[in-house]
Amino acid sequence: MTIRQTRFTLAALAGLALLGACGSGDAPAAPEASETATVLDNGMTVTEVVDARQTHLKAVGKAFKTISDNLKAGEPDMAAIQAAAASVPTETADMGDWFPEGSGPASGVKTDALPAIWENKADFDSKIADFQAAAATLASTAEAGDIAAISEAFKATGATCKSCHETYRADD
């Protein structure tokens, strides 16, 4: 599909949606309130918070896979390692905000985040800080380009992930 066709299709869909909204004049029934629709202190619903944090964590996982695969390769792609390593601190800069009160499993939204996060918030926040420091070190080490040093920094960063997952994540 060309860009022009895509734009036309999107415009047509938007027009149909507007026409549908004009319909009979009856207001649509309000959805029943649920825990997943509860708006948290950050202005997001529980579903939005969990989806956002899972998206960020999947991006970090993808970056880690790129680094791991390249460290195992006979001819590592240094540019790929550097880009992946640089993305981790950026992706996780606001990680402490990903777990607001009310976004745990009791909310009814599927999440691997355990209640222990909110029961031991100071320890959890400390583990996030440790991870962020290790991720920053990994990024700067990768930028320098020494594959042995990158491997060590990657192991250290992975250890901070593991220390958090052991206590605060289900299914690990």
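None of the values given here were measured: they were computed from a predicted structure.

Re the packing of helix α2 (residues 46–72) against helix α6 (residues 147–168)
Axis separation between α2 and α6 bottoms out at 11 Å; the angle between their running directions is 140°. The orientation of α2 with respect to α6, classified from their angle, is oblique. For α2 against α6, the interelement crossing comes out left-handed. When α2 is examined against α6, the residues Phe64, Ile67, Ser68 and Leu71 are found in contact with a partner set consisting of Ile147, Ile150, Ser151, Phe154, Thr157, Gly158 and Cys161. Partitioned by chemical class, the residues of the contact of α2 with α6 number seven nonpolar, four polar and no charged.

Describing the packing of aromatic side chains
Enumeration according to the criterion identifies three aromatic pairs in this entry. Between phenylalanine 99 and phenylalanine 124 the ring centres are 4.9 Å apart and the planes differ by 80°, which places this aromatic pair in the edge-to-face class. One end of the pair, phenylalanine 99, is in the loop between α3 (78–91) and α4 (116–119); the other, phenylalanine 124, is in helix α5 (residues 121–144), and 25 residues separate them in sequence. Each member of the pair phenylalanine 99 and phenylalanine 124 is classed as buried. Here a set of aromatic residues connected by ring pairs shows up, and it is made of Phe99, Phe124 and Tyr168.

Let's talk about the pattern of salt bridges
Applying the stated criterion across every chain, the model contains five salt bridges. Arginine 169 serves as the salt-bridge partner of aspartate 112, at 3.6 Å between the closest nitrogen and oxygen. In this pair, aspartate 112 sits in the loop between α3 and α4 while arginine 169 sits in the segment after α6, placing the two residues 57 residues apart along the sequence. Close ionic contact of glutamate 152 with lysine 155 constitutes a salt bridge, the shortest N to O distance being 3.5 Å. In this pair, glutamate 152 and lysine 155 are both assigned in helix α6, three residues apart and thus about one turn of the helix distant. Looking at lysine 155, the relative accessible area reads 52%, which means it is exposed.

Some points on α5
The terminal C-alpha atoms of α5, which comprises 24 residues, lie 35 Å apart, in line with the 34 Å expected from a rise of 1.5 Å per residue. Residues of α5 that are buried: Phe124, Lys127, Ile128, Phe131, Ala134, Ala135, Leu138, Ala139, Thr141 and Ala142. Where the residues of α5 are buried, they touch α2, α3, α4 and α6. The positive-phi residue at the C-terminal boundary of α5 is glycine 145, with phi of around 85°.

What counts and how
- Residues numbered from 1 in each chain as written.
- Predicted model: local features only at pLDDT ≥ 70, side-chain atom pairs only at ≥ 80, totals over all residues.
- Heavy atoms only, no water.
- Axes fitted to C-alpha atoms, helices over the stretch in contact; angles between N-to-C directions.
- Helix = DSSP H or I, 4+ residues; strand = E, 2+ residues; numbered from the N terminus.
- Parallel < 35°, antiparallel > 145°, perpendicular 65-115°, else oblique.
- Left-handed = near helix turned anticlockwise from the far one by under 90°.
- Contact = heavy atoms within 4.5 Å.
- Nonpolar A, V, L, I, M, F, W, Y, C, P; charged D, E, K, R; others polar.
- Phe/Tyr/Trp six-rings, centres within 6.5 Å; stacked < 30°, edge-to-face > 60°.
- Buried < 20%, exposed > 50% of the residue type's maximum accessible area, 1.4 Å probe, protein only.
- Salt bridge = Lys/Arg side-chain N within 4 Å of Asp/Glu carboxyl O.
- Expected span 1.5 Å × (residues − 1).

Bear in mind that shape data such as this cannot, by itself, settle questions of function.
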